[in-house]
Amino acid sequence: MDDAAPIISTLGLTKRYGRVAALTDLTLEVRRGEIFGFLGPNGAGKSTMIRVLLGYLHATAGSASVFGLDTERESVEIRRRCGYLPGGIALYDAQSGRDALDYLADLQGASPVRREALAERLQMSDATLRRRVRDYSRGMRQKIGVIQALQHDPQLAILDEPTEGLDPLMQHAFYAILDDLRREGRTIFFSSHVLPEVERVCDRVAIIRDGRLLALQHVGELLAHRRRRIMLRWRGTAPDLRGVPGIADVEQDGSTLRATLEGDVVPFVRAVASPSLEDLTIEPASLEEVFLDYYADEAAPPSAAGGTRVPPPKAVE
Amino acid sequence: MRHLFAQTLRWQAVKVLVVGLASLGWGLLIPFFYAQFSDVLRSLASENPLIDQFSNFGSGNLFTIGGTITLGLQHPIAIAFVAIFAVGAASLAIAGERQRGTLEVLLARPLPRNGVLLATAAALFVSVVAIFGVLVAGMVAGAAMQGLLEAVAVDQLPLVLLNGLLLWAAFLAFSLGASVSFDRAGPALGLSLAYLIVNYFLEILGSLWTDAAWLQEYSLFHHFQPGEILAGETDPLDLLILALAVAIPLGYALLRFPRRDLAAPA
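Residues numbered from 1 in each chain as written. Chains lettered and ligands numbered in written order. Predicted model: local features only at pLDDT ≥ 70, side-chain atom pairs only at ≥ 80, totals over all residues.

### Remarks on the overall build of chain A
Here is the rule: Put simply, DSSP H or I for four residues or longer makes a helix, DSSP E for two residues or longer makes a strand, and each gets a number counted from the N terminus. Labels follow a simple rule on C-beta atoms placed from the backbone: if 20 or more others lie within 10 Å of a residue's own, it is buried; if 12 or fewer, it is exposed; otherwise it is partly exposed. Contact between two residues is assigned when their C-beta atoms, built from the backbone, lie within 7 Å.
Each helix and strand in chain A was counted, giving eleven helices and 15 strands. Expressed as a percentage of its 317 residues, the buried residues of chain A come to 44%. When contacts within chain A are restricted to residue pairs at least 6 apart in sequence, those whose partners lie at least 24 apart make up 70%.

### Some points on the overall build of chain B
In terms of helices and strands, chain B carries ten helices and zero strands. Start at the N end of chain B and walk to the C end: the helices and strands fall as α-α-α-α-α-α-α-α-α-α. C-alpha atoms of chain B, sized along the principal axes, occupy 65 × 40 × 30 Å. Buried positions account for 47% of the 266 residues belonging to chain B. Of the contacts made within chain B by residues no fewer than 6 positions apart, 77% connect residues no fewer than 24 positions apart.

### What to know about the sheet that holds strand β4 (residues 61–66) of chain A
Residues and elements named next belong to chain A. Basically, it comes down to this: We call two strands paired when DSSP finds no fewer than two bridges between them.
Taken together, four strands build an open sheet; the order of strands is β2-β1-β4-β5 and the sheet is antiparallel. One side of each edge strand has no neighbouring strand; the edge strands of this open sheet are β2 (20–30) and β5 (69–70). Pairing geometry for β4 and β5, over two bridges, is antiparallel. From the neighbouring strand, S65 faces β5, where its bridge partner is D70.

### Concerning the confidence of the model for chain B
To keep it simple, the criterion reads: The predictor's confidence in any single residue is recorded as pLDDT, a number from 0 to 100.
Here chain B shows a mean pLDDT of 90. Residues at 70 or above account for 96%. The ipTM, which scores confidence in the relative placement of chains, is 0.84 for this predicted complex, and the corresponding pTM is 0.83.

### So, the environment of G145 of chain A
Residue and element names in this part refer to chain A. Mapped onto the elements of the fold, G145 is located in helix α6 (residues 138–150). Classification of G145 as buried rests on a count of 25 C-beta atoms within 10 Å. In this structure, the C-alpha to C-alpha distance between G145 and G87, residues 58 residues apart in sequence, is 9.3 Å. The contacts of G145, once residues within four sequence positions are left out, are L85 and I89.

### Brief notes about the packing of helix α1 (residues 2–47) of chain B against helix α3 (residues 65–74) of chain B
Residue and element names in this part refer to chain B. What counts, and what does not: Simply put, an axis is a line fit to the C-alpha atoms, just over the touching stretch for a helix, and the angle between two N-to-C directions goes from 0 to 180 degrees. To sort the angles, those under 35 degrees are grouped as roughly parallel, those over 145 as roughly antiparallel, those from 65 to 115 as roughly perpendicular, and the leftovers as oblique. By convention the crossing between two helices is left-handed if the near helix lies anticlockwise of the far one by an angle smaller than a right angle, and right-handed if it lies clockwise. In this classification, Asp, Glu, Lys and Arg are treated as charged, Ala, Val, Leu, Ile, Met, Phe, Trp, Tyr, Cys and Pro as nonpolar, and every other residue, Gly included, as polar.
Relative orientation of the contacting elements α1 and α3 amounts to 135°, with a least axis distance of 10 Å. Relative to α3, the element α1 is oriented oblique. Relative to α3, α1 is oriented so that their crossing is right-handed. Of α3, the residues touching α1 (which contributes I30, P31, F33 and Y34) are I65, T68, I69 and G72. Grouping the constituent residues of the contact of α1 with α3 by class yields six nonpolar, two polar and no charged.

### Looking at helix α7 (residues 157–179) of chain B
To keep things clear, this is the line we draw: Here the expected length of a helix is defined as 1.5 Å per residue gap, with one fewer gap than residues.
Here α7 of chain B is 23 residues long and its end C-alpha atoms lie 32 Å apart, about the 33 Å a rise of 1.5 Å per residue gives. In terms of residue burial, α7 of chain B counts as a mostly covered element, since 18 of its 23 residues are buried.

### Brief notes about the interface of chain A and chain B
Every contact between the two is made by 24 residues of chain A and, on the other side, 18 residues of chain B. When residues of the side of chain A that touches chain B are traced back to their parent elements, those giving at least two are α1 (46–53), α2 (75–80) and α3 (97–108) of chain A. The element contributing the most residues to the side of chain A that touches chain B is α3 of chain A, with five residues. Class assignment of the residues belonging to the side of chain A that touches chain B gives a composition of 13 nonpolar, six polar and five charged.

### Topic: the pairing of strand β3 (residues 35–39) of chain A
Residue and element names in this part refer to chain A. Extensive coverage of β3 is indicated by the burial of five of its five residues. Where β3 and strand β8 (residues 187–192) come together, five bridges link them in parallel fashion. Within the sheet, the bridge partner assigned to L39 lies in β8 and is S192. Relative to strand β9 (residues 204–209), β3 runs parallel, the two sharing four bridges.

### Some details on the confidence of the model for chain A
Interpretation of the predicted coordinates at a detailed level should be avoided for regions scoring low in pLDDT. Mean pLDDT over chain A works out to 85, with 88% of the residues at or above the 70 mark. Below a pLDDT of 50 lies the segment residues 299–317 of chain A, which in the model reaches 37 contacts outside its immediate sequence neighbourhood of four places, other chains included.

### Looking at the nonpolar core
Side chains of a nonpolar character, in soluble globular proteins, are inclined to be buried together. Put simply, the rule is: To define a nonpolar core, we join buried Ala, Val, Leu, Ile, Met, Phe, Trp, Tyr and Cys residues through C-beta atoms within 7 Å and take the resulting set.
Grouped together as the largest cluster of nonpolar side chains are 151 residues, with contacts concentrated most on V82, I131, A170 and L172 of chain B. Per-element tally for this core: the top contributor is helix α6 (residues 113–145) of chain B, with 17 residues. Ignoring anything within four residues of it in the chain, the contact list for V82 of chain B reads V128, I131, F132 and W168 of chain B. Among the nonpolar cores identified, the runner-up in size contains nine residues, and L232, L257, A259 and F268 of chain A belong to it.

### Describing the pairing of β8 of chain A
Residue and element names in this part refer to chain A. Where we set the bar: When the strands point away from the viewer, a crossover counts as right-handed if the path from the first strand over the helix to the second runs clockwise.
Most of β8 is tucked away: six of the six residues are buried. By the alternation rule, side chains of β8 split into T187, F189 and S191 and I188, F190 and S192, which are all buried. Alignment of strand β7 (residues 156–160) against β8, held across five bridges, turns out to be parallel. Residue pairing in the sheet places A157 in a bridge with I188 of β8. One crossover worth recording links β7 to the parallel β8 by way of helix α7 (residues 168–183), and it is right-handed.

### What to know about the packing of α3 of chain A against α1 of chain B
Running from N to C, α3 of chain A and α1 of chain B cross one another at 145°; their axes reach a closest spacing of 8 Å. Here Y103, D106 and L107 of chain A of α3 of chain A lie close against α1 of chain B, whose contacting residues are H3, L4 and Q7 of chain B. A per-class count over the contact of α3 of chain A with α1 of chain B returns three nonpolar, two polar and one charged.

### With respect to the sheet that holds strand β13 (residues 256–262) of chain A
Residues and elements named next belong to chain A. The strand order across the open sheet formed by four strands is β12-β13-β11-β14, and the pairing between neighbours is antiparallel. Each edge of the sheet is formed by a strand with only one pairing partner; in this case those strands are β12 (247–253) and β14 (277–282). Across the sheet, the mean angle from the axis of one strand to that of its neighbour is 15°, orientation sign disregarded.

Structure, rendered in structure tokens:
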């Protein structure tokens, strides 16, 4: 397979359940070696997309390929080269953690070369792995889920809500594992609705709503074009900033001024650079705001430069 | 696929051992009942037509060793033993995994769905062979212990085994067909049990009520005739009907399972 070829590619992918559309005309590409975030609230179609990619579901229209292989006809070969962590993973309760991992590695037909390292980083000791899965907490089951998905060093890991149930310490250990995988050129398809973690680990994100793609951009690009809230306090009367490029929603209360700033900060900084400036706060843009913007206003999703832009969806149900 | 087959067998192993022991006990008892009670029952039946009628349970009776073996293998106890695997475990094989969510992890491996289905079916069929084989072996051993072995056509036993295994393979195939059709264990188990019970009801009703004897033809149990086979009267049509009863639901399962949409478990 050509190194430049996308690892995952969908074209007009549509999945309907009767009259209900779970995915509509979804076109995207995931590149080799990137961590790709797939964002959307519950029911947006994230799991449906993953299930089509892995052959659990059959597309109603359009096409999808992974490693250039057709998801309908070649899903076995796709799964041979993938690691998959399902959302809310269920394991065989009667097995020990180690037996479960051995069994799944045997079925995978690949040696679990990463298991020991993963277990160490996720603090799953030998003693813990010897215990039966039925005695595990939710977090421990999730750790086993992460290990089984990555233990055979797959070229592509598809992770559905991977940090669900992990404590903050383990979440950070997991992020470090992802960083290592990225450095080693592995590709991660990462579905989540936990926005800070997507912002923390992903290179590019796709945002979907009601099964339609709303945006597909680098995280940095998405954030660069977001409105940031600013607040400044002035000695005396605050200057009139209404003419400054990117400034909007100005509210003035005596010496305190609140506004939003979009785009380049230089004109704004030049306009307020004065000995009379007492305090200045610029809140960093967060993916959460981007996300909420997309979801708050169905009629007019916010504009952003570059990336895929898709008209707002119509209700499908 | 051999790992899935072996693991499924391992998960059944304890059940097979326990049910196998119980089956052996049941098998040993049947010739004992025949040796102890057949003469008494025969004289009672000759005096009372009602007892004569009710002595014909299913396709079996207590008047010949062949009939007794048939009765023993068609008795609800023997049926329960084999049905634990052919109906219970088979109907839960896919639907139960779906309901628990473990099918997700299984199908994330590079396994074709029909491979999963066939490996599971093969492991369950091995369990059925073990239980049914122990039942028959118990009866042969029991006949030997009662000094009745000469009355048993031992050379016909392979055909008895084939007939019985085809019967249970038919129920297993139907249960697998139900299992791949539902996302929850309850409906799959319910439908499979209903199929077993309706077949059994038709056979027993027809055997106890002369006017309803025609119903027996519609029961799979009626095509399981160890007594006739041991008497050297094998009807190939019985084997053919049972083979069809295996092939049709198995074919359905093999067509249906790969084409099913497996949405995320609730």
